[in-house]
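# Coordinates in review
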Amino acid sequence: MKRLLLLFALLLAGSAHAASPLPTDSVYQLGVPLTDQGGHSAPLAAHRGAPQIVSMFYTSCTMVCPMIIDTMKATRHAAGDPAQLHLLAVSFDPARDSVDALRRYAAAHKLDLRWWTLARTSPQDTRSLAALLGVQYRQLPDGEFNHSSALLLLDGEGRIVARTNVIGRIDPEFVTAVRKATGG
Amino acid sequence: MRRCLALAILGLLLAGPTVAADHARPDYRPLPGGRFASVIPADGKAAPAVLRPFRLRTEPVTNAEFLAFVQRHPEWRRDRVPSVFADFRYLSHWATPDKLGTGALPHQPVTQVSWFAAQAYCESEHARLPTWYEWEYAAAADATRADARSDPAWRERVLSWYSRPSSEALPPVGGAPDVHGVRDLNGLVWEWVEDFNAMMTSADSREQDGADKLKFCGAGAITMEQKENYATLMRVAMLSSLKATDTTANLGFRCARTD
């Protein structure tokens, strides 16, 4: 939570939004640092200014997680591939999902890194982010995770404007919300 | 001797600001951990939880302690906290954003606090919220035994607290210590745990197999063990229904540390 102030400082220091504080209902209020598949660190709010779809997953998950990634891809496509729309998936499993694991996963799933980010953060920040997004997860003794699945649409200011628990096919209502948020 | 004293005073002076920032040092007690038969099996089926040794705060955080925290960290005042971190009832029983008043006595446990606020408080004490397993394990104790759950008297005591009307004023912290020297785990307030959003219980826990595979990747909803221990199952149901921004008049917290 101390990072809140740091985040503010960062935003004030070098962004186009220097003058406008974050809305009080913005998830970007949570200043968690994310590390992406290229090893770069950036705050959760790095894509402030453009809408993005956010979800949580882990790379060694064989059943639902690939469907989460595919659903994010399909949703973006169904909404007309808006250029400014980012896709962000954060790992539940920072212990095993190293930068290298994220990079290999992105390559294996042919994720276009112009708009895709796979990311990891500390275990404590993972829990906070999940709490903020309303995602449940627990680690099982065999190292697998039991988790709920959701896609969240954030507007440019980081406010949750739509969510869906429909995974494995596109949710038409969610696609409509994406179109609206991206001006399509 | 005099030099020793001078050194001691110098040490105190040097340590002064840190001590002041830490407020009155809260008391933490060591708990040994080990294998524990939780109502939530570790693998979702029957495996016991395995707990590393940890330290638990002997008492829940009080209004006075939380007030001192809010004064040091004004971003957690009720008139400044972002709505993504706490609902509109956050600390609403205090007279003003930085005064307790008659509705919140200094030694009562603080309530109307969100999970995010509780986490931030514990961080300020160089601690964290306990996990559910840590909390459940600690709360299984009574005055003489580390695990008193099979004793009907233990269950009766917990359940009789549940049935007390919530409109009554909260007693102050400082109930009788259990075998670990920890107080007030049962009988004062509900308490946040770090992984409150990890309970993974489906709304209808009879649907244990397959039905929720998509909702809960991995193992489906968890099978609850010890169906007769509904004192604890009720607590799980309550915790798993919460959002991290929720605050209620009966929900407080204490902190834990990894040993």
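Residues numbered from 1 in each chain as written. Chains lettered and ligands numbered in written order. Predicted model: local features only at pLDDT ≥ 70, side-chain atom pairs only at ≥ 80, totals over all residues. Heavy atoms only, no water.

### Some remarks on the environment of V178 of chain A
Residue and element names in this part refer to chain A. Among the structural elements, V178 can be located in helix α5 (residues 172–181). With relative accessibility at 0%, the residue V178 sits in the buried group. Sequence separation between V178 and L153 is 25 residues; the distance between their C-alpha atoms is 7.0 Å. Those residues in contact with V178 that sit more than four places away from it in its chain are I53, T75, A79, L85 and L153. (Helix = DSSP H or I, 4+ residues; strand = E, 2+ residues; numbered from the N terminus. Buried < 20%, exposed > 50% of the residue type's maximum accessible area, 1.4 Å probe, protein only. Contact = heavy atoms within 4.5 Å.)

### Details of the interface of chain A and chain B
For interface size, the figure often reported is the accessible area lost on association. At the interface, 31 residues of chain A touch 32 residues of chain B. The contact between chain A and chain B buries some 2700 Å² in all, and 61% of this surface belongs to carbon and sulfur atoms. Counting across the interface, chain A meets chain B through one salt bridge. Taking the shortest distance from any N to any O, the salt bridge between E194 of chain B and R127 of chain A comes out at 3.9 Å. Summed over the shared surface of chain A and chain B, the number is eight residue pairs in polar contact (both at pLDDT 80 or more). Among the elements of the structure, α2 (64–78), α4 (123–133), β6 (137–139) and β7 (145–148) of chain A are those that each provide at least two residues to the side of chain A that touches chain B. Considering each element in turn, the side of chain A that touches chain B owes the most residues, six residues, to α4 of chain A. Looking at the side of chain A that touches chain B residue by residue, the class counts come to 17 nonpolar, 11 polar and three charged. (Buried area = accessible area lost by both parts, 1.4 Å probe. Salt bridge = Lys/Arg side-chain N within 4 Å of Asp/Glu carboxyl O. Polar contact = N/O pair within 3.5 Å; in protein donor to acceptor, adjacent residues only side chain to side chain. Nonpolar A, V, L, I, M, F, W, Y, C, P; charged D, E, K, R; others polar.)

### Focus on helix α3 (residues 115–124) of chain B
Within α3 of chain B, nine of the 10 residues are buried, which leaves it mostly tucked inside the rest of the structure. For α3 of chain B, the complete set of buried residues consists of W115, F116, A117, A118, Q119, A120, Y121, C122 and S124 of chain B. Elements that come into contact with the buried residues of α3 of chain B comprise α4 of chain A together with β4 (54–57) and α2 (63–72) of chain B. Positive phi shows up at H126 of chain B, right after α3 of chain B, with a value of about 55°.

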